[in-house]
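Each chain, written out:
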Amino acid sequence: MSGHLDNFTIIIFGAGGDLASRKLFPSVYQLARWGHLPPAYRVIGVGRAGQSHEGFRSFVKERVMALSPESIDDHDRFDEFCNRLFYVNVDLDKVEGYHALHDEIMNARGEGVCNNLLFYLSTPPSLAPGIVHNLVLAGLGGRNRPCSGWRKIVVEKPFGHDLKSAVELNGLLEDAFEERQIYRIDHYLGKEPVQNIMVFRFSNGMFEPLWNRQYIEQVQITIAEEFGIRGRGAYYEEAGLLGDIIQNHGLQLLAAIAMEPPVELSPEAIRDEKAKVLRSVRLFSSESVHGSVVLGQYEGYRLEKGVAADSRVETCASVKFHLDNWRWSGVPFYMKAGKSLSRTVTEIVITFKCPPQNFYAISGAPSCTPNQVILGIQPDETVAIRFGTKRPGEEMVTDPVFMKFDYRTSFAEKGLTPYHRLLLDAIAGDQMNFIRRDSVERSWTVIDSIREAIGDEAPEPYPVNSWGPESSVRIYG
Ligand code: BG6
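Rules behind the numbers
- Residues numbered from 1 in each chain as written.
- Predicted model: local features only at pLDDT ≥ 70, side-chain atom pairs only at ≥ 80, totals over all residues.
- Heavy atoms only, no water.
- Helix = DSSP H or I, 4+ residues; strand = E, 2+ residues; numbered from the N terminus.
- Rg over C-alpha atoms; globule rule 2.2 N^0.38 Å.
- Buried < 20%, exposed > 50% of the residue type's maximum accessible area, 1.4 Å probe, protein only.
- Contact = heavy atoms within 4.5 Å.
- Areas by Shrake-Rupley, 256 points an atom, 1.4 Å probe, with all protein chains shown as cover.
- Lys, Arg positive; Asp, Glu negative; His and termini not counted.
- Charge placed at Lys NZ, Arg CZ, Asp CG, Glu CD.
- Axes fitted to C-alpha atoms, helices over the stretch in contact; angles between N-to-C directions.
- Parallel < 35°, antiparallel > 145°, perpendicular 65-115°, else oblique.
- Left-handed = near helix turned anticlockwise from the far one by under 90°.
- Nonpolar A, V, L, I, M, F, W, Y, C, P; charged D, E, K, R; others polar.

Q: Would you mind going over the overall build of the protein chain with me for this structure?
A: Scanning the protein chain from terminus to terminus reveals 13 helices and 15 strands. Here the C-alpha atoms of the protein chain give a radius of gyration of 24 Å, agreeing with the 23 Å that 2.2 N^0.38 yields for 477 residues. With respect to the principal axes defined by its C-alpha atoms, the protein chain has extents near 80 × 50 × 40 Å. For the protein chain, with 477 residues in total, the buried portion stands at 52%. Pairs at least 24 apart in sequence give 77% of the contacts found in the protein chain among residues at least 6 apart. For the protein chain, the accessible area works out to roughly 21200 Å², and carbon and sulfur atoms hold 53% of it. Looking at the protein chain, you have 51 positive and 61 negative side-chain charges, and the mean spots of the two groups are 2 Å apart.

Q: How should I be thinking about the side chain of Asn-212 in this particular structure?
A: Mapping Asn-212 onto the fold places it in the loop between α7 (192-202) and β7 (216-224). Here Asn-212 falls in the buried class, since its relative accessible area comes to 16%. Contact partners of Asn-212, with chain neighbours within four places excluded, come to Arg-327 and Trp-328.

Q: How do you make sense of the packing of helix α9 (residues 267-280) against helix α13 (residues 437-454) when you look at a structure like this?
A: Packed helices, taken two at a time, are described by the angle between their axes plus the distance between the axes. Remark: α9 packs on α13, axes separated minimally by 9 Å, with the N-to-C direction vectors making an angle of 20 degrees. Taken together, α9 and α13 sit at an angle that is classed as roughly parallel. Crossing angle aside, the handedness with which α9 passes α13 is left-handed. Mapping the contact onto sequence places Lys-274, Ala-275, Leu-278 and Arg-279 in α9 and Asp-438, Ser-439, Arg-442 and Ser-443 in α13. Its residues placed into classes, the contact of α9 with α13 shows two nonpolar, two polar and four charged.

The structure is reproduced here in structure tokens:
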């Protein structure tokens, strides 16, 4: 791969934050170590820490060793990587710092290093508009790039905090960069089992013919975490679970399960199909919301740092979605996501309809144990199929059994982690696993419709280590 990549500079806004130390720096280091990066590249951290280049290198070393020590497998090579780090002090609201950034970028030696620029916004959504505006003023926008070279911008999720802010941010971004230069990242799209959803569906003749309302009873998507908000009180107060997980990870999983086959394997063809699914998600009204959405807040959330004592922010959501399209009409898509739940698991369960008659039911038992395809995303990276089989013995009765494929035992090679893959894609210019403007805006339209319909009703409290509010069962059935 390195042979095909141009020399480049990555400029990271939010370089002092957790994401940079946990994921971004370790991923760039490893990509270089595995030989995926070109010979000359630089990483410039941007922030207000008043640091020198040397100070920044020590800071990154310390933070990465504290937050992501297992990612460093060769300390000499990591030191070598750290020598490619530079730091520019920028007061994000003021254009002066961006001129200094421009000068630092142009300081680079090595062909193309200063012409190929990847800006990475790992900052809270509220800072993004100011950064984009000032980049343009300093001549660093994508539309004022020199004739040779490329400029791209990666924007971390959440992209805005509602439809209005997302539209505004998209407007600003598109004044500064062309859509093909904009990479709205959702790291779920870089997960191996998530990428496998399309492969599983479209490369296996036995499932795709059944993948529709005639054979599928319901789909359940679960994104559960047993930990709480991990000190991100201020962020959670702004995003809530709906903005943190459902708007992006949840609806992207739904789109991958429900999309039509693309006309070709190109980023635009795939993103067209995902956008069509999102367009078909039925919006919520104050009448429909009560039977379809239950929001919860874990007990103790209001005591977390940065959280208001009377906060009405949700940390758990159960939602029944309907897709108004030909393939999925009438099939409920249940989604459950939350913090401080009983266990950490992300999985998608596709439940098929029962055969018209069940000869083998035990009397008193449910008349059918439906077939299921269970796509384990994490921690297990699996595909399981559940079917009924004859229980050994004299009686002709069925028991449910599973056939299971597990990435970890079936393949010797390890996949790339999401940040390795997506960083590499962004550098190489592949937008397939990044979210397009229409999808991001439609996802916010869906979330806004839930929020508006719920109004100022408080979320229901639930105990830590439970499956959320008990009343969430009311959305099923
Ligand atoms: C992030 C959310 O996008 O995804 C977090 O902000 C969540 O709240 C995390 O915990 C889950 O991602 P992963 O890949 O660590 O399971």
